[in-house]
Amino acid sequence: MSKRSIPPTNNFCPQTLFLYGTYKEDNTPNFGLFCWFSYYWDTEMGVMMCIGGDKLTRDRIRQTRIFSANLVTQQMLPLADYLGNTNGYDDAKMNFELETQKGSVLNVPTLACSPVVFELEVAQSYPCEEGEVFLCKVRNVLMEECLLDTDKSVEERIRQIAPIHTTCSTYFSWEGQSLGKWGSPKETFEPVKKTL
Ligand SMILES: Cc1cc2nc3c(=O)[nH]c(=O)nc-3n(C[C@H](O)[C@H](O)[C@H](O)COP(=O)(O)O)c2cc1C
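Presented here is an overview of the structure given in this document.

Definitions and cut-offs
Residues numbered from 1 in each chain as written. Predicted model: local features only at pLDDT ≥ 70, side-chain atom pairs only at ≥ 80, totals over all residues. Helix = DSSP H or I, 4+ residues; strand = E, 2+ residues; numbered from the N terminus. Buried ≥ 20, exposed ≤ 12 C-beta atoms within 10 Å, placed from the backbone. Core = buried A, V, L, I, M, F, W, Y, C linked by C-beta atoms within 7 Å. Near = placed C-beta within 6 Å. Nonpolar A, V, L, I, M, F, W, Y, C, P; charged D, E, K, R; others polar. Pairing = 2+ DSSP bridges.

**Structural notes on the environment of Glu155**
So, step 1. Structurally, Glu155 can be placed in helix H3 (residues 154-161).
So, step 2. The exposed category is assigned to Glu155, around which 8 C-beta atoms lie within 10 Å.
So, step 3. Between the C-alpha atoms of Glu155 and Gly52, which are 103 residues apart in sequence, the distance is 34 Å.

Next comes the structure, spelled out in structure tokens:
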């Protein structure tokens, strides 16, 4: 293989996507889409993540120190892409029907459609120039029953939920097919508007 030096990039290093859920000041849920998410070890497994600038999700995490991280699957992609391309400071963002439940351990909104949900509490945070790095304690994991069926292989179980991976500003199916550039699946999102 012959390699070339190029400017910093994480192209061709796939990431997993999560929707972070927080309650707004009026106690209604808000969700944003995030990929700067991974794990660390410090006597137990923790979650490390970065929020790269001002946004409602960061304001709410700073305020409450708790949030949910909901794994994004192929079925959720139009919704996730909409939530990642719509600003939470716009009051109309969450004005559609969405099935959410309060976490089992923390007072955070979770998505009924996501098969794996972390309930997270910030342990430490590091404000940088613009972004902020958070180290979080995992207070609970909510996992869909079908993933706990050990009679099925891990391959069968993960195929059932088909998590999205992303790189090069492009979404990929679990099987590796392109599902479009960031900002395109939201075109097929069909929200049912909330009625008063
Ligand atoms: C695929 C994708 C991944 C994203 N990942 C991140 C991320 O890891 N960190 C971040 O700060 N913003 C990320 N964003 C941008 C946020 O989703 C966006 O700012 C959104 O408006 C946040 O929701 P909020 O405004 O309700 O807080 C991502 C957007 C997309 C489309």
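Now that the structure is up, let's keep going.
**Topic: the nonpolar core**
So, step 1. Phe18, Leu19, Val72 and Ala80 are the most contacted members of the largest nonpolar core, which totals 31 residues.
So, step 2. Those elements that place two or more of their residues in this core are strand E2 (18-23), strand E3 (29-34), strand E5 (45-51), strand E6 (66-71), helix H2 (77-84), strand E9 (116-127) and strand E10 (132-143).
So, step 3. Per-element tally for this core: the top contributor is H2, with 5 residues.

**Topic: the site of the ligand**
So, step 1. Residues in contact with the ligand amount to 18 residues; listed here are only the nearest, Gly32, Trp36, Thr57, Gly84 and Gly88.
So, step 2. No other element matches E3, which puts 4 residues into the shell around the ligand.
So, step 3. Looking at the shell around the ligand residue by residue, the class counts come to 8 nonpolar, 9 polar and 1 charged.

**Description of the sheet that holds strand E12 (residues 170-172)**
So, step 1. Strand order in the open sheet formed by 4 strands is E1-E11-E12-E13, and the pairing between neighbours is antiparallel. Each edge of the open sheet carries a strand with a single partner, namely strand E1 (15-16) and strand E13 (178-181).
So, step 2. Sheet topology places E1 next to strand E11 (residues 165-167); 2 bridges connect them, and they run antiparallel. Looking at the pairing, Gln15 lines up with Thr166 of E11.

**Focus: unusual backbone geometry**
So, step 1. If you check the backbone angles, Phe12 has positive phi at about 70 degrees while not being a glycine.
So, step 2. Looking at the secondary structure, you find Phe12 in the segment before E1.
So, step 3. A positive phi angle, close to 70 degrees, is found at Thr43, a residue other than glycine.
So, step 4. Looking at the element boundaries, Thr43 is found in the loop between strand E4 (37-41) and E5.

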